[in-house]
Amino acid sequence: MGFSATCTPGRDAAAAMVQVTPQVPALVIYLDPVNIAIQLPPFPGGSDVLMRFCRELSREATKLADHLGSQEGRHVLAEGEQDARG
């Protein structure tokens, strides 16, 4: 089943690995207020597929965070404003 969605993280957004059952781990993205759970694919080798996806997600999320943290990655409207992180 496929779908597309666009969401933005709220101020209390978070992510966590959870155990749905002892045999079923999942990645849950709490976007505040939308939640998304990414679970094991229900076919042989599904854990390998999810493992590769999580590693790719980690790499790409790091790239995005690094880009946003650089001066070039800041939105033009935010330039000159105090950084919310302190």
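About the cut-offs
Residues numbered from 1 in each chain as written. Predicted model: local features only at pLDDT ≥ 70, side-chain atom pairs only at ≥ 80, totals over all residues. Heavy atoms only, no water. Helix = DSSP H or I, 4+ residues; strand = E, 2+ residues; numbered from the N terminus. Buried < 20%, exposed > 50% of the residue type's maximum accessible area, 1.4 Å probe, protein only. Contact = heavy atoms within 4.5 Å. Pairing = 2+ DSSP bridges. Axes fitted to C-alpha atoms, helices over the stretch in contact; angles between N-to-C directions.

## Overview of the overall build of the chain
Part 1 of the reasoning: Each helix and strand in the chain was counted, giving one helix and three strands.
Part 2 of the reasoning: Each helix and strand of the chain, ordered N terminal to C terminal, gives the series β-β-β-α.
Part 3 of the reasoning: When burial is assessed residue by residue, the chain has 8% of its 86 residues classed as buried.
Part 4 of the reasoning: For the chain, the proportion of contacts with a sequence separation of at least 24, taken over those separated by at least 6, is 5%.

## Overview of the pairing of strand 3 (residues 35–39)
Part 1 of the reasoning: Of the pairings in the sheet, the one linking strand 2 (residues 24–30) to strand 3 comprises five bridges and is antiparallel in character. Across the sheet, the residue bridging to valine 28 is alanine 37, located in strand 3.
Part 2 of the reasoning: Counting the residues between successive antiparallel strands, the hairpin from strand 2 to strand 3 contains four residues, one of them, aspartate 32, with a positive phi of roughly 60°.

## A word on the sheet that holds strand 2
Part 1 of the reasoning: The three strands are arranged 1-2-3 in an open sheet whose pairing can be described as antiparallel. Here the strands that pair on one side only, and so sit at the sheet edges, are strand 1 (14–21) and strand 3. Adjacent strand axes in the sheet meet at a mean angle of 25°, parallel and antiparallel pairs treated alike.
Part 2 of the reasoning: Judged from the seven bridges that link them, strand 1 and strand 2 form a sheet pairing that is antiparallel. Looking at the pairing, alanine 15 lines up with isoleucine 29 of strand 2.

## Describing the environment of proline 25
Part 1 of the reasoning: Mapped onto the elements of the fold, proline 25 is located in strand 2.
Part 2 of the reasoning: Spatially, the C-alpha atoms of proline 25 and serine 47 are 9.5 Å apart, while their sequence positions differ by 22 residues.
Part 3 of the reasoning: Discounting residues that sit within four places of it in the chain, proline 25 has contacts with Met17, Val18, Gln19, Gln39 and Leu40.

## Focus: unusual backbone geometry
Part 1 of the reasoning: Here aspartate 32 and proline 33 are connected by a cis peptide whose omega angle stands at 20°.
Part 2 of the reasoning: With respect to the element layout, proline 33 can be found in the loop between strand 2 and strand 3.
Part 3 of the reasoning: The backbone phi angle of aspartate 32 is positive, close to 60°, even though this residue is not glycine.
Part 4 of the reasoning: In this fold, aspartate 32 is placed in the loop between strand 2 and strand 3.
Part 5 of the reasoning: With a relative accessible area of 33%, aspartate 32 lands in the partly exposed category.

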